[in-house]
Amino acid sequence: MKKILPFFSYLFHPIFIPLLGTVLYLLFNENYFTIEQSYLVLFQILIITIFLPMAFFYLLKTFGKVDSIMLSDVNQRKIPLLLQMALTSVLITQSITVERFPELFFFFFAGLITTFIAFVLLFFKVKSSIHMIGISALSFFVIGLSMHNQINIIYTIATLFFFTGIIASSRLYMKAHTMTELILGYIIGMVPQIGIWYFWL
């Protein structure tokens with residue numbers, strides 16, 4: 001088991017969380033969208049939350065600003081988090097708007113708040129686990145979808161909590177975070193998602 005634990009750190013890297021959240025959103029709202037609409041949303045998410053950040057990452061790596069996609073150093077996280085906030089802002093103002101995709105909009109809006117909190121903490125030399133931020137945000141977004149759409153997706157929710165434990169174990173095994181940093185990350189990801197439920201549940 002220990003040999004495959006690092007695999008989950010890459011499989012559930014935070015860069016993939018927006019795409020996973022969008023896929024689950026479309027899956028549990030399948031009656032509301034055409035195939036064309038679903039593909040268009042997924043394409044936009046791929047471009048803005050995966051392809052562009054990866055391009056900027058390799059640019060930063062070329063100039064020696066980052067050394068790993070895991071961003072283990074506190075100072076190396078500042079520019080990527082700023083970029084994430086900028087791209088998320090573009091996404092929710094130009095594409096995933098509250099009029100078109102209200103639930104998904106609030107998922108990303110809460111994510112923007114979360115990213116800002118994690119960014120501010122860096123100036124106090126406090127490092128939170130971005131992996132835990134991502135999986136906790138995703139988990140509580142799916143819980144919100146379950147309540148909003150009045151659907152029973154308990155197995156999906158249970159699976160997300162199972163992977164939360166696996167990811168936490170992976171980060172500890174790789175010595176990437178302390179337990180405190182994992183718990184802090186989980187709270188930072190969870191609280192904005194729950195807080196924003198007021199606006200869309």
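Preceding this section is the structure that the text describes.
What you see is a predicted model, and the numbers here were worked out from it, not measured in a lab.

Asks: Please explain helix α6 (residues 130-149) as it appears in this structure.
Replies: Since the α-helix advances by 3.6 residues per turn, residues separated by three or four positions end up pointing in the same direction. Under the 1.5 Å per step criterion, the end-to-end length of α6 is 28 Å for 20 residues, consistent within 8% with the ideal 28 Å. For α6, a buried count of 18 out of 20 residues is recorded, marking the element as mostly surrounded by other parts of the structure. Gln 150, located one to two residues past α6, shows a positive phi value of around 55°.

Asks: Quick question: what am I supposed to make of the packing of aromatic side chains here?
Replies: Aromatic ring pairs: the centre-centre distance and the angle between the two ring planes describe each pair. Tallied over the entire structure, the rule returns 17 aromatic pairs. Between Tyr 25 and Phe 33, the ring centres sit 5.7 Å apart and the planes meet at 55°, which makes this aromatic pair tilted. The buried category is assigned to Tyr 25, whose relative accessible area is 2%. With a relative accessible area of 17%, Phe 33 lands in the buried category. For the ring pair Phe 33 and Phe 101, a centre distance of 5.6 Å and an interplane angle of 40° mean the geometry is tilted.

Asks: Hey, could you run me through the nonpolar core in this one?
Replies: Side chains of a nonpolar character, in soluble globular proteins, are inclined to be buried together. Residues Tyr 25, Ile 96, Leu 104, Phe 108 and Val 142 are the most contacted members of the largest nonpolar core, which totals 56 residues. When contributions to this core are tallied by element, the ones reaching two or more residues are α1 (5-11), α2 (17-27), α3 (35-62), α4 (78-94), α5 (102-122), α6, α7 (154-173) and α8 (179-200). Of all the elements, α5 adds the most residues to this core, at eleven residues. Leaving out residues up to four positions away in the same chain, Val 142 has contacts with Leu 24, Phe 28, Ile 153, Thr 156, Ile 157 and Leu 160.

Cut-offs used in this document
- Residues numbered from 1 in each chain as written.
- Predicted model: local features only at pLDDT ≥ 70, side-chain atom pairs only at ≥ 80, totals over all residues.
- Heavy atoms only, no water.
- Helix = DSSP H or I, 4+ residues; strand = E, 2+ residues; numbered from the N terminus.
- Expected span 1.5 Å × (residues − 1).
- Buried < 20%, exposed > 50% of the residue type's maximum accessible area, 1.4 Å probe, protein only.
- Phe/Tyr/Trp six-rings, centres within 6.5 Å; stacked < 30°, edge-to-face > 60°.
- Core = buried A, V, L, I, M, F, W, Y, C linked by side-chain atoms within 4.5 Å.
- Contact = heavy atoms within 4.5 Å.

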